[in-house]
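Each chain, written out:
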Amino acid sequence: MSVLPLVFTSGWASGINAYAVVLLFGVFGATGLTDEVPESLQRTDVLVVVGVLFVCEAVADKIPYVDSIWDTAHTVIRPVSGAVVAALLAGQSGSLPEIAAGAVGGSTALMSHLVKAGTRMAVNTSPEPFSNIAVSTAEDLGVAGIITFAIFHPLAAAIVAGGLLLLGIVIIVFLAAKIRNFRRRKTERRARRRVAATWPD
């Protein structure tokens, strides 16, 4: 069970930016900052590929509506990545069955991905692109911070990740209600205008 906090945190972060998670773990392992990272994540070819993909995500994630298309394409990729990373972490320590670790990492990644995708769809309703840039930058910094923190304080990082996941779910529910109310009022205004336009003088 000792690796479970790291598995949970890596799963949450993978749902936000899977490439950043693999890249950070690989760099930390390759530089000797931690011995928790399996050698397969430290390989040069893996780091090069995820580094390129991380740059692509960093750009796409800051462009309105392109970010939502990117999120849709990663609905499978992020949970799978979260599951694979979690299983590798568990296999390295031997303290958690790989299948169980993969399930925890994958399901956590899926939940955080859905929160991210829903939030970005709501942000895209704003008429300016700066909200997307700000949210995307905050997500990138959050993933980097939580993974770095998890390397040295896995339990505390898992508590933070769990809190952020719950907060994200609450925000999504709130935004969904606001958007539904906005669309309902917009529909009602259109209906009133149509009635007014057809009403005889």
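Scroll up to find the structure this text is about.
Residues numbered from 1 in each chain as written. Predicted model: local features only at pLDDT ≥ 70, side-chain atom pairs only at ≥ 80, totals over all residues. Heavy atoms only, no water.

**Q** I tried to follow the side chain of threonine 108 on my own but got confused; where do I start?
**A** Within the element layout of this structure, threonine 108 appears in helix α5 (residues 98-123). For threonine 108, a relative accessible area of 3% corresponds to the buried category. If sequence neighbours within four positions are ignored, threonine 108 has contacts with Phe8, Gly11 and Trp12. (Helix = DSSP H or I, 4+ residues; strand = E, 2+ residues; numbered from the N terminus. Buried < 20%, exposed > 50% of the residue type's maximum accessible area, 1.4 Å probe, protein only. Contact = heavy atoms within 4.5 Å.)

**Q** I keep staring at a positive patch on the surface and nothing clicks. Help me out?
**A** Together, Lys178, Arg183, Arg185, Lys186, Arg189, Arg190, Arg192, Arg193 and Arg194 make up a region of like positive charge exposed at the surface. Within the secondary structure, arginine 194 is located in helix α7 (residues 154-198). Residue classification places arginine 194 among the exposed residues on the basis of a relative accessible area of 54%. (Patch = residues over 30% accessible without salt bridge, like charges linked within 9 Å, V, L, I, M, F, W, Y side chains within 5 Å. Areas by Shrake-Rupley, 256 points an atom, 1.4 Å probe, with all protein chains shown as cover. Salt bridge = Lys/Arg side-chain N within 4 Å of Asp/Glu carboxyl O. Lys, Arg positive; Asp, Glu negative; His and termini not counted. Charge placed at Lys NZ, Arg CZ, Asp CG, Glu CD.)

**Q** For this particular structure, what's the right way to read the pattern of salt bridges?
**A** Close approach of charged atoms allows side chains of opposite charge to pair. Evaluated as defined, the whole model comprises nine salt bridges. A salt bridge links arginine 78 to aspartate 71; the shortest N-O distance between them is 2.8 Å. Between lysine 116 and glutamate 139 there is a salt bridge, with its nearest N and O atoms 2.7 Å apart. Here lysine 116, found in helix α5, pairs with glutamate 139, found in helix α6 (residues 130-152); they are 23 residues apart in sequence, far enough to count as distant.

Any functional reading would require information beyond the geometric quantities listed.
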